[in-house]
Amino acid sequence: MRTVILPAPDEFDTWRDAARSLAALEAPPDDILWQVGDAPKDLFAGESVPYEAPASAGFTVPRPFIDLARDVVLASDPARFALLYTLLTRLKREPGLIEDRADPLLRRLDVLAKGVRRDIHKMRAFLRFREVDESGTPRFVAWFEPEHHIVRANASFFVNRFASMRWSILTPEVSLHWDGKILSEGPGAAKADAPDGDPIEEVWKTYYASIFNPARVKVGAMLKEMPRKYWKNMPETALVPQLLASAQARESKMIDTARAPRADGVGGNSRAAWEALRAEAAHCTRCHLYKHATQTVFGEGPVDARLMFVGEQPGDQEDLAGKPFVGPAGQVFNRALATAGVDRETVYVTNAVKHFKFEQRGKRRIHAKPGAGEIDACRWWIEQEQMLIKPELTVALGATAARSLLGKVVTIGKERGRALTLPDGGKGLITVHPSYLLRIDDKARAEDEFGLFVEDLKLAQSLLA
């Protein structure tokens, strides 16, 4: 009996090297014991000796098997390593077996892989950070109980998504800690080690209750996608039972609200949701920019606007006024809208980053371009605004706005002036930021570029027709 000791329950590389060399030696699956760390050995396995894989072993396997194995290794089934090795030895004789979806062993491994992928998705969807104060420096802590060994495999997602935040993810098996630069691991934790809540949750619950639509809830599907074991991680789910219980009354109220618009012509439900979202954004600490800015500068305009404009970030005057596009670039923007025949009062205007980033030079605050981490940290607000406003067309003003909406870096000159499909399925258009026009020294060229900007705004109008 050979014993292969794996350093961790999610260890793939060590398993792969050992499995390849053992398969090359024709070692039968029943003669191998796969052991994780100091875990107890199989009492019925008899005497075993440690096994060390040779430096190299020439054995090629189909790529789909490697992809399958990377997922299955993360499963909680203790037999996963042995099952994978058994399939590997069979693939050596029958390379085409990987395509036989009717094979019982392959079906069992596929079920394990799907369970792992589902658990990864649930961690990303249902994990909720709560803010704690560490000597004046905010840290965000979340608790999650995965079904499989997915925490390390999921780490890069949270590092990329919340790059500017200082956060910790606590789980029973392992904990992850990110300080903005370095990701570190710690021992497993208990639920009591995570905070129960923070003041922002009450605002979030108000927002969630405002947008909750019982007419669209499919209870069976909801319970399948969001099992009750994850509800404790999500503050808004505490509201679900009472909201479902009063579904009929809420539906009637929503119908009445839709039929009886406010004095400004907008139904109250969307307006209440938007106001709750704006109130929550006023306390945003998702990145460090809040520490030096005067205030959050949220979006502005009708909540049923057909056209939405997204700029880069507030400038000095916007930061002081708390309103978007009121400074020099805003004046150019207003003039261009008027020239294109677009009424600003009918459009929704916001920014990709909600706090003013600047460099202090004497008494002046000089604009500084937002970084990728700051754009990503603020993308959540843009996504919520888009879900509430539901614009028919969203126009990105400049590269920062385009990156926020598309999730990638794009070239303005290449993408400008053509209709795009945004990740959420909506229509998008990219043009320059009005501040670009202010930086052109040559007067004739500045007028030409202003004319091109106006043509882009006219195109946006035509795309709505």
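About the thresholds
Residues numbered from 1 in each chain as written. Predicted model: local features only at pLDDT ≥ 70, side-chain atom pairs only at ≥ 80, totals over all residues. Heavy atoms only, no water. Helix = DSSP H or I, 4+ residues; strand = E, 2+ residues; numbered from the N terminus. Buried < 20%, exposed > 50% of the residue type's maximum accessible area, 1.4 Å probe, protein only. Contact = heavy atoms within 4.5 Å. Salt bridge = Lys/Arg side-chain N within 4 Å of Asp/Glu carboxyl O. Core = buried A, V, L, I, M, F, W, Y, C linked by side-chain atoms within 4.5 Å. Expected span 1.5 Å × (residues − 1). Polar contact = N/O pair within 3.5 Å; in protein donor to acceptor, adjacent residues only side chain to side chain. Pairing = 2+ DSSP bridges. Axes fitted to C-alpha atoms, helices over the stretch in contact; angles between N-to-C directions. Disulfide = S-S within 2.5 Å. Phe/Tyr/Trp six-rings, centres within 6.5 Å; stacked < 30°, edge-to-face > 60°. Lys NZ or Arg CZ within 6 Å of the ring centre and 35° of its normal.

> How would you sum up the overall build of the chain? Please name residues and give values.
Looking only at helices and strands, the chain features 17 helices and 15 strands. Of all 465 residues assigned to the chain, the portion counted as buried reaches 48%. Sequence separation of at least 24 residues holds for 71% of the intrachain contacts in the chain that already meet a minimum separation of 6.

> Kindly report on the pattern of salt bridges, identifying the contributing residues and their values.
What the rule picks out here adds up to 24 salt bridges. Across the pair E374 and K357 runs a salt bridge, and its minimum N-O distance is 3.1 Å. Linking E374 in helix α13 (residues 372–389) with K357 in the loop between β10 (348–351) and β11 (358–361), this pair joins segments that are 17 residues apart in sequence. Looking at E374, the relative accessible area reads 7%, which means it is buried. R416 is the partner of D456 in a salt bridge, and the nearest nitrogen-oxygen pair spans 2.6 Å. Residue D456 is found in helix α17 (residues 443–464), and its partner R416 is found in the loop between α15 (412–415) and β14 (420–421); the two are separated by 40 residues along the sequence. With relative accessibility at 23%, the residue R416 sits in the partly exposed group. Within the structure, one salt-bridge network assembled from shared partners comprises D10, R152 and E185.

> Please set out the nonpolar core residue by residue, giving values where relevant.
Of all hydrophobic cores here, the largest spans 54 residues; its most connected members are W15, W34, F65, F129 and W167. Of all the elements, helix α4 (residues 104–126) adds the most residues to this core, at eight residues. When near neighbours in sequence (up to four residues on either side) are disregarded, F65 contacts W15, L84, L87, L88, L91 and I98. If you look at the next biggest cluster of nonpolar residues, it comprises 53 residues, including C284, V342, L393 and V454.

> Now, about the side chain of D319: what can you tell me, with residues and values included?
Structurally, D319 is set in helix α11 (residues 316–321). Of the residues examined, D319 reaches a relative accessible area of 0% and is grouped as buried. Setting aside its immediate chain neighbours within four residues, D319 contacts A293, T294, Q295, V297, P314, F356 and R365.

> If you had to explain α4 to someone new, which residues and values would you point to?
Between the first and last C-alpha of α4 there are 33 Å, a value that for 23 residues agrees with the 33 Å anticipated at 1.5 Å per step. A side-chain oxygen of the first residue of α4 lies 3.1 Å from the backbone nitrogen of L105; this N-cap is D103.

> Kindly report on the environment of A305, identifying the contributing residues and their values.
Its location among the elements puts A305 in the loop between α10 (268–281) and β9 (307–311). Separated by 87 residues in sequence, A305 and E392 place their C-alpha atoms 8.2 Å apart. Among all residues touching A305, those that are not within four sequence positions of it are T346, V347, Y348, I389, K390 and P391.

> Kindly report on the sheet that holds β9, identifying the contributing residues and their values.
Here we have five strands laid out as an open sheet, ordered β10-β9-β13-β15-β14, and mixed in their pairing. The two strands at the open ends of the sheet, each matched to only one other strand, are β10 and β14. Contacting β9, β10 and β13 (393–397), α13 crosses the sheet at an angle of about 170° to β10. Its contacts with the sheet put helix α14 (residues 399–406) on β9, β13, β14 and β15 (427–431), and the angle it makes with β13 is roughly 135°.

> An account of the state of the cysteines is requested, with residue identities and associated values reported.
Throughout the structure, instances matching the rule amount to zero disulfides. The cysteine C378 is free of any disulfide, with C284 supplying the nearest cysteine sulfur at 5.7 Å.

> Break down the pairing of β15 for me, with residues and values.
Within β15, four of the five residues are buried, which leaves it mostly tucked inside the rest of the structure. Of the pairings in the sheet, the one linking β14 to β15 comprises two bridges and is antiparallel in character. Its bridge partner lying in β15, L420 is registered against G428. Remark: five residues form the turn of the hairpin made by β14 and β15, two consecutive strands paired antiparallel; G425 in that turn has positive phi of roughly 95°.

> Residues and numbers for helix α2 (residues 63–72), please.
Of all the positions in α2, only F65, I66, L68, A69, D71 and V72 are classed as buried. In the core, the buried residues of α2 are packed alongside α1 (13–24), α3 (80–93) and α4.

> Please provide a residue-by-residue account of the packing of aromatic side chains, values included.
This model, assessed by the stated rule, comprises 15 aromatic pairs. Arranged with centres 6.5 Å apart and planes meeting at 80°, the rings of F129 and F158 form a pair that is edge-to-face. One end of the pair, F129, is in the loop between α4 and β4 (130–134); the other, F158, is in helix α5 (residues 151–161), and 29 residues separate them in sequence. Taking the relative accessible area as the measure of exposure, F129 reaches 18% and is therefore buried. Centroid distance F158 to W167: 6.4 Å. Interplanar angle 65°. Geometry classified as edge-to-face. On the basis of relative accessible area, W167 is assigned to the buried category, the value being 0%. Of the aromatic side chains, those joined through ring pairs into one cluster are F12, W15, W34, F65 and Y85. Over the aromatic face of W381 sits the side chain of R286, whose NZ or CZ is 5.7 Å from the ring centroid. Above the face of the F450 ring, R335 is positioned so that its terminal group lies 4.0 Å from the ring centre.

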